[in-house]
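Take a look at the letters that make up each chain.
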Amino acid sequence: MVTAGTNDSALRELAWAAAAQVVDPEIPVLTIADLGVLREVSVVDGQVEVAITPTYSGCPAMNMIALEIELALAREGMPNSKVRTVLSPAWTTDWMSDEGRRKLKDYGVAPPQTGGGRRALFGEQQVACPQCGSTNTEVLSEFGSTSCKALWRCIACSEPFDYFKCH
Ligand SMILES: [Zn+2]
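Model, not experiment: these values are computed from the prediction.

Quick notes on the rules
Residues numbered from 1 in each chain as written. Predicted model: local features only at pLDDT ≥ 70, side-chain atom pairs only at ≥ 80, totals over all residues. Heavy atoms only, no water. Helix = DSSP H or I, 4+ residues; strand = E, 2+ residues; numbered from the N terminus. Donors = N, O, S within 2.8 Å, 3.2 Å for Na, K, Ca; no water. Tetrahedral: all angles 85-135°; square planar, octahedral: opposite > 155°, others 65-115°. Pairing = 2+ DSSP bridges. Core = buried A, V, L, I, M, F, W, Y, C linked by side-chain atoms within 4.5 Å. Buried < 20%, exposed > 50% of the residue type's maximum accessible area, 1.4 Å probe, protein only. Contact = heavy atoms within 4.5 Å. Arc of directions from axis to C-beta.

### Some details on unusual backbone geometry
Residues S88 and P89 are joined by a peptide bond in cis, for which omega reads 0°. Here P89 is to be found in the loop between β3 (82-85) and α4 (98-106). The phi dihedral of D45 falls on the positive side, at around 50°, and the residue is not glycine. Along the chain, the position of D45 falls in the loop between β1 (38-44) and β2 (47-52).

Given below as structure tokens:
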């Protein structure tokens, strides 16, 4: 909690911790820190500024995330924070933390492949089933329950699952 004696570096740390707890409304097990959406927290003249990079342009969840960050900071005693959207460099699934990938898998969503996100568009990659780990899987629909997910099915255990495919 911010008090009158909190200096800038402590303020920055408190702000990062508060912002890092905000979750993605589409995948509530992942925080914006897990996703790599939270880029930077700075303090300018005592005002907290948070930089976020959307998972893809036009992601409607981003307005909600910005609002949630402002609320989280206000709860910790930082009512006049600013949230800035940084579009360049563009977010890639490589920014997702290992912790985030693990949480995603536990949630039943196949985590994005590292370094090869673009190949997903051309159907070259193998996505492992989050249930049984088999790579004997097929895509059912490029558009799953949200625009960030594709619907896949595991041939080994015949369970459908979501694949997080953003970029
Ligand atoms: Zn399976």
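There's more to say after this.
### Considering the coordination of the zinc ion
The zinc ion binds to the protein through C129 (SG), C132 (SG), C154 (SG) and C157 (SG); the donor distances cover 2.3 to 2.4 Å. Of note is the zinc ion, whose four donor atoms meet at the metal with angles of 102 to 120° in an arrangement that counts as tetrahedral.

### Remarks on the sheet that holds strand β7 (residues 160-164)
Read across the sheet, four strands follow the order β4-β7-β6-β5 without closing on themselves; strand pairing throughout is mixed. Edge positions in the open sheet fall to β4 (109-110) and β5 (137-141), since each of these has one partner strand only. Bridge analysis of strand β6 (residues 149-154) against β7 gives five bridges, and the strand direction is antiparallel. Along β7, the bridge assignment pairs L151 with D162.

### Section: the nonpolar core
One finds V48, V50, I52, I69, L73 and F164 to be the most contacted residues of the largest nonpolar core, which totals 30 residues. Listed by contribution, the elements that provide at least two residues to this core are α1 (8-20), α2 (32-35), β1, β2 and α3 (61-75). Beyond its immediate sequence surroundings of up to four residues, F164 is in contact with I27, L35, W91, T93, M96, L104, V109, A110, P112, C148 and K149. If you look at the next biggest cluster of nonpolar residues, it comprises eight residues, including A110, V127, A150 and F161.

### Side note on α4
Those residues of α4 that sit buried are G100, R101 and L104. The buried side chains of α4 occupy one side of the element, clustering within an arc of 100° when seen end-on. Within α4, the exposed residues directed more than 90 degrees away from the buried face are D98 and D106. Next to the buried residues of α4 lie α2, β4 and β7. Positive backbone phi, at 95°, marks G108, one or two positions downstream of α4.

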